[in-house]
Amino acid sequence: MVGIRRGAGGRQDTRPLPAEEHPQRSASPSTGGADLRSERRRRRAGMWLTIVLFLLPGLVLFGLLVLLPILIAGYLSFFKWNGLGGLPEPGSDRFIGLQNFERLLSDEIFMGDLRHMVILIVLSLLIQLPLSLGLALLLNQKMRGRAIYRTIFFAPYVLSEVITGVLFTMVFSPEHGLVNSLLTAIGLEGAAAEWLADPDTVLYSLFAVITWKYFGFHMILYLAGRQGIPNELLEAAAIDGANAWRQFWHVTLPLLGPTIRMSVFLSIIGTIQLFDLVWVLTRGGPVHASETMAVTMYIFGFERNQFGYASAISVAMFLISLVFALGYQRWVMRRDTEGAITTMRDQR
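Residues numbered from 1 in each chain as written. Predicted model: local features only at pLDDT ≥ 70, side-chain atom pairs only at ≥ 80, totals over all residues. Heavy atoms only, no water.

K.L.:
Sorry if this is basic, but what is going on with the overall build of the protein here?
P.N.:
Each helix and strand counted, the protein has 14 helices and two strands in total. Buried residues in the protein amount to 34% of all 348 residues. Once local pairs closer than 6 in sequence are excluded, the contacts in the protein between residues at least 24 apart make up 60%. For the protein, the exposed surface amounts to about 22300 Å²; the carbon and sulfur share of it is 65%. (Helix = DSSP H or I, 4+ residues; strand = E, 2+ residues; numbered from the N terminus. Buried < 20%, exposed > 50% of the residue type's maximum accessible area, 1.4 Å probe, protein only. Contact = heavy atoms within 4.5 Å. Areas by Shrake-Rupley, 256 points an atom, 1.4 Å probe, with all protein chains shown as cover.)

Have a look at this one:
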């Protein structure tokens, strides 16, 4: 290798450099690329190890408390079992195949549960959620004591279902209840009724309690969604001549679409799985007039010791919830989920 050195007088010397003066050669590109790939693999392995270690406790609990009970319920639904002794074996005489599901389809009580579920869902979509949306838009306006009103309307959601049930048992009491006392005070004694003991009124009384309990939760959802809408859009619509109704219909409501769809999803899933309030208020009575699938499952399982049939009801509840959830997310919330996935990919 020829190097350039300065000799005496500043002249250049082009004689070859000694071996010890040769500059170090850089590593070959192939070696550097292999080291870089190896480092990336080590980082990726460390990242996945960290993820697994953080997720493992939650996955274990989810498997033990969710997946395992689902599998056991599905297994027991093929048996006629009273809960005594160990789990029945497939070859035992208690194996009855699909007879529990055949009984389910011909059971008037279960069919009544489905009707009650549909009625409560329709009432929620037509009354509870629009009421929550209206209150959210009202409480988004500037007014004195706005924070206090928000707290008051949200407070019922904080109460447990048991406390709410006991409270409204007294409110709907036929003798000294608040509802009948108010009706009597304003001269409507004829409208007083046994709200929780009459098959014609019990389901609607139950819906009133559900609305009182959960409308604050949906109100907060809508309020959060409304506050995420820039006011500049409404101001631009007002400049273009849109009145308050057109601003709501063409600007606010479309932008609240993701929040409304999520609220509807939570309301329907909650109605399918409704148990606590019904059990405390009416235990499904009178004569099954307010019974839900969860209540029927509990009665057959823990009061009549028909665990096979109760497991079949639980499987039916699971399948109804699963089919609805998958279908709703596939066809109704598709744009919302695709937008979230696209945002996550962009951030990565």
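Now, onward.
K.L.:
Sorry, what's going on with a positive patch on the surface here?
P.N.:
Taken together, Arg-37, Arg-40, Arg-41 and Arg-44 make up a surface patch of like positive charges. Secondary-structure assignment places Arg-40 in helix H1 (residues 29-76). (Patch = residues over 30% accessible without salt bridge, like charges linked within 9 Å, V, L, I, M, F, W, Y side chains within 5 Å. Salt bridge = Lys/Arg side-chain N within 4 Å of Asp/Glu carboxyl O. Lys, Arg positive; Asp, Glu negative; His and termini not counted. Charge placed at Lys NZ, Arg CZ, Asp CG, Glu CD.)

K.L.:
Whenever I open this one, empty space enclosed by the protein confuses me. Can you help?
P.N.:
A water-sized probe rolled over the atoms picks out the places where empty space is left. One pass over the full model with this rule turns up one cavity of 30 Å³ or more. Lining the largest cavity, in full, are Asp-113, His-116, Met-117, Thr-271, Ile-272, Thr-292 and Met-293. Elements with a contribution of two residues or more to the lining of the largest cavity: helix H3 (108-139) and helix H10 (257-272). Considering each element in turn, the lining of the largest cavity owes the most residues, three residues, to H3. In terms of residue class, the lining of the largest cavity is made up of three nonpolar, three polar and one charged. (1 Å grid on protein atoms, 1.4 Å probe; cavity = no way out; pocket = protein on both sides within 12 Å on 5 of 7 lines; lining within 4 Å. Points joined across faces, edges and corners; volume = space filled by probe spheres on them. Nonpolar A, V, L, I, M, F, W, Y, C, P; charged D, E, K, R; others polar.)

The quantities given are spatial measurements derived from coordinates; they are silent on function.
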